[in-house]
Amino acid sequence: MSNKMWGGRFTERPDAIMEEINVSIDVDRHLYAQDIAASKAHAAMLSAQGIITANDAKNIARGLDTILSEIGNGSFDFKRALEDIHMNVESRLGELIGPAAGRLHTARSRNDQVATDFRLYVRDTIDETDAALAAFQQALVARAIEHAGTVMPGFTHLQTAQPVTFGHHLLAYVEMTARDRGRFADARNRLNESPLGAAALAGTSFPIDRAATAKALGFDRPMANSLDAVSDRDFVLETLSAAAIASVHLSRFAEEIVIWTSPLVGLVRLSDKYTTGSSIMPQKRNPDAAELVRAKTGRVIGALTALLIVMKGLPLAYQKDMQEDKQGAMEAFGALSLAIRAMTAMVADMVPDQARMKAAAGEGYATATDLADWLVRTLKMPFRDAHHVTGRIVARASKRGVPLHQLALEEMQAIEPKITRDALSVLSVEASVKSRTSYGGTAPKNVLAQAKAWLKRLEKERKLG
């Protein structure tokens, strides 16, 4: 028996392997809510334009609501022989309302149908991702306020650089996440055009109202070119790109948590909720949640790369290759969602060892720059000269095996006679962070002000919805 969708042209069934490679219902079944919403909008428009009767449109809408309920409660029978979500819905609609179901596909194609469904799905995903990222920011800001004055080492090259505060470090990820949210918002703005009504590739001769269906589905406007409407997957690529960058940010933070929780570093502790043990080593506490967040970044980047490769050689308009646009993207969005939630939970869970942080902040001669700045500010020394003098003093302290603030004043004066006891006052880690008052700096009052400003901004966003 030939396939009923194109049985007029084909007389033989496809081979079993053809059916297996062609089927997509295992993936696009996740588009059921979007598919039904688009079909209801299309049917209402067809009726308003006099293309189908009002009674047919009413029966179609009633049948689609029944199908939505069946899928929602798990009683719907998805059939792989029907290939995709579109034909599964249409077939069941025929069982429910009879021949009127066949009128639903007037003036549309599966090409514009799937493009519409997937845009709606990605738009919903962006909205969910934005809400999750906002919650992540909330968690970071709450901890930043709590630790606005908690001193910790700041690093470059993973070497102790200058003292910062833990709150300042956390706010760096708030800023990164804000840019992530901006990228998702930009992607949403660009994708919010409707392909519905572009039909297979050339539009349709029926007097449809594409603006009406666009409005009904929450799109800003219909897409202006029918070829572009059915063949564009920029909206997936752009959203995956934003997801990949967001995943990289989460991975960087996860890597820091892995480092911080190592007994060799010992800056932070995670509870049993987000760590695991070893099957053979009873003493182990492994930061597996953070490690898995780090690993899931590969899934997201991989999905972006895979779709770029799929799309790079495709001529206009629709090609079956595009059936591969959904599975990787859906898995990537799921991985990102889980990673965001895991990181949000770990931010709330982690307990910094404030004494160890403070001690580590002073290691590695982290306040050397403060001494150089003092030489510039007080002795009016050119910075390059001050840098050289401070370097010699650090070398002397290292040779003596003492921290910079414990090196005898006489030892410093042997290198630079004009240094006074006043210079010692800038060498504590507390004095160092307190002095960094430039905009964006780590001074505790700066951190507290920035964190409170973020809290107010996030609360305003939440109220606006």
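**Digging into the overall build of the protein chain**
Of the regular secondary structure elements, the protein chain holds 18 helices and six strands. A compact globule built from 465 residues should have a C-alpha radius of gyration of about 23 Å, whereas the protein chain, at 30 Å, is more than 25% larger. Dimensions of the protein chain, computed from C-alpha atoms along their principal axes, come out at roughly 100 × 50 × 40 Å. Out of the 465 residues in the protein chain, the part that is buried amounts to 46%. Between the mean site of the 57 positive side-chain charges and the mean site of the 54 negative ones, the protein chain shows a separation of 6 Å.

**Concerning the packing of helix α6 (residues 110-146) against helix α18 (residues 444-464)**
The N-to-C vectors of α6 and α18 enclose an angle of 150 degrees; their axes lie 9 Å apart at closest approach. Classified by the angle their axes make, α6 and α18 are roughly antiparallel. Crossing of α6 over α18 shows left-handed handedness. Here α6 contributes Ala 134, Gln 137, Gln 138, Val 141, Ala 144 and Ile 145 to the contact with α18, which in turn contributes Val 447, Leu 448, Ala 451, Lys 452, Trp 454, Leu 455, Leu 458 and Glu 459.

**Examining a nonpolar patch on the surface**
A surface patch of nonpolar side chains, about 340 Å² in accessible area, is lined by Ile 17, Met 18 and Ile 21. Mapping Met 18 onto the fold places it in helix α1 (residues 16-22).

**Concerning the nonpolar core**
Counting residues in hydrophobic clusters, the biggest one holds 71 residues, and the most contacted among them are Phe 118, Leu 240, Phe 253, Met 343 and Met 346. Top element by residues in this core is helix α10 (residues 234-261). It accounts for 14 residues. Once you skip the residues sitting within four places of it in the chain, Leu 240 turns out to touch Val 300, Ala 303, Leu 304, Leu 307, Ala 329, Ala 332 and Phe 333. One finds Leu 93, Ile 97, Ala 101 and Ala 107 within the second-largest nonpolar core, a separate group that totals 23 residues.

**So, the pairing of strand β1 (residues 151-156)**
Sheet analysis places β1 next to strand β2 (residues 159-165), joined by five bridges and oriented antiparallel. Note on β2: the bridge partner recorded for Val 151 is Thr 165. Hairpin connection of β1 to β2: two residues between the antiparallel strands, including His 157 at a positive phi of 60 degrees.

**Things to note about helix α11 (residues 288-311)**
For an α-helix, 3.6 residues make a turn, and residues three or four places apart therefore share a direction. Here α11 is 24 residues long and its end C-alpha atoms lie 35 Å apart, about the 34 Å a rise of 1.5 Å per residue gives. Burial in α11 covers these residues: Ala 289, Ala 290, Val 293, Thr 297, Val 300, Ala 303, Leu 304, Leu 307 and Met 311. Where α11 is buried, its residues contact α9 (226-231), α10 and α12 (327-349).

**Some words on helix α5 (residues 85-97)**
Its 13 residues give α5 an end-to-end C-alpha distance of 18 Å, which sits within 8% of 18 Å, the value for a rise of 1.5 Å per residue. Taken residue by residue, α5 has Ile 85, His 86, Met 87, Asn 88, Val 89, Ser 91, Leu 93 and Ile 97 as its buried positions. Looking at the packing, one finds that the buried side of α5 touches α2 (25-28), α3 (32-48), α4 (54-73) and α6. N-capping of α5 is provided by Asp 84, with a side-chain oxygen placed 3.1 Å from the backbone N of His 86. Remark: Gly 98 follows α5 within two positions and exhibits a positive phi of approximately 85 degrees.

**Re the packing of aromatic side chains**
Aromatic ring pairs are described here by two measures, namely the spacing of the ring centres and the angle between the planes. Applying the stated criterion across every chain, the model contains seven aromatic pairs. When the centroid spacing of 4.4 Å and the interplanar angle of 15 degrees are considered together, the rings of Tyr 173 and Phe 253 count as stacked. One end of the pair, Tyr 173, is in helix α7 (residues 166-191); the other, Phe 253, is in helix α10, with 80 residues separating them in the sequence. For the residue pair Tyr 173 and Phe 253, the accessibility class agrees, reading buried in each case. An aromatic cluster of three or more residues is present, and its members are Phe 136, Phe 166, Tyr 173, Phe 253 and Trp 260. Above the face of the Phe 118 ring, Lys 326 is positioned so that its terminal group lies 5.6 Å from the ring centre.

**Examining the pattern of salt bridges**
Inspection of the entire model under this criterion finds 29 salt bridges. With a closest N to O distance of 2.5 Å, Glu 459 and Arg 462 form a salt bridge. Taken together, the residues Glu 459 and Arg 462, both in helix α18 and three residues apart, mark about one turn of the helix. Looking at Glu 459, the relative accessible area reads 29%, which means it is partly exposed. With a relative accessible area of 53%, Arg 462 lands in the exposed category. Connected through salt bridges with shared partners, the residues Asp 130, Arg 181, Arg 457 and Glu 461 form a single ionic network.

**Structural notes on the packing of α6 against α7**
Where α6 meets α7, the closest approach of the two axes is 9 Å, and the angle between their N-to-C directions is 165 degrees. In this view, α6 runs roughly antiparallel relative to α7, as classed from their interaxial angle. For the pair α6 and α7, the crossing hand works out as left-handed.

**Things to note about the side chain of Glu 70**
Of note, Glu 70 is situated in helix α4. Among the residues examined, Glu 70 registers a relative accessible area of 13% and is labelled buried. The residues contacting Glu 70, other than those within four sequence positions of it, are Ser 75, Phe 76 and Arg 92.

**Observations regarding unusual backbone geometry**
For the peptide bond that leads from Leu 316 to Ala 317, omega is 5 degrees, which places it in the cis range. Within the secondary structure layout, Ala 317 lies in the loop between α11 and α12. A positive phi is found at Ala 107, a non-glycine position, where the angle reads about 65 degrees. Along the polypeptide, Ala 107 turns up in the loop between α5 and α6. The backbone phi angle of His 157 is positive, close to 60 degrees, even though this residue is not glycine.

So, how was this worked out
Residues numbered from 1 in each chain as written. Predicted model: local features only at pLDDT ≥ 70, side-chain atom pairs only at ≥ 80, totals over all residues. Heavy atoms only, no water. Helix = DSSP H or I, 4+ residues; strand = E, 2+ residues; numbered from the N terminus. Rg over C-alpha atoms; globule rule 2.2 N^0.38 Å. Buried < 20%, exposed > 50% of the residue type's maximum accessible area, 1.4 Å probe, protein only. Lys, Arg positive; Asp, Glu negative; His and termini not counted. Charge placed at Lys NZ, Arg CZ, Asp CG, Glu CD. Axes fitted to C-alpha atoms, helices over the stretch in contact; angles between N-to-C directions. Parallel < 35°, antiparallel > 145°, perpendicular 65-115°, else oblique. Left-handed = near helix turned anticlockwise from the far one by under 90°. Contact = heavy atoms within 4.5 Å. Patch = residues over 30% accessible without salt bridge, like charges linked within 9 Å, V, L, I, M, F, W, Y side chains within 5 Å. Areas by Shrake-Rupley, 256 points an atom, 1.4 Å probe, with all protein chains shown as cover. Salt bridge = Lys/Arg side-chain N within 4 Å of Asp/Glu carboxyl O. Core = buried A, V, L, I, M, F, W, Y, C linked by side-chain atoms within 4.5 Å. Pairing = 2+ DSSP bridges. Expected span 1.5 Å × (residues − 1). Polar contact = N/O pair within 3.5 Å; in protein donor to acceptor, adjacent residues only side chain to side chain. Phe/Tyr/Trp six-rings, centres within 6.5 Å; stacked < 30°, edge-to-face > 60°. Lys NZ or Arg CZ within 6 Å of the ring centre and 35° of its normal.

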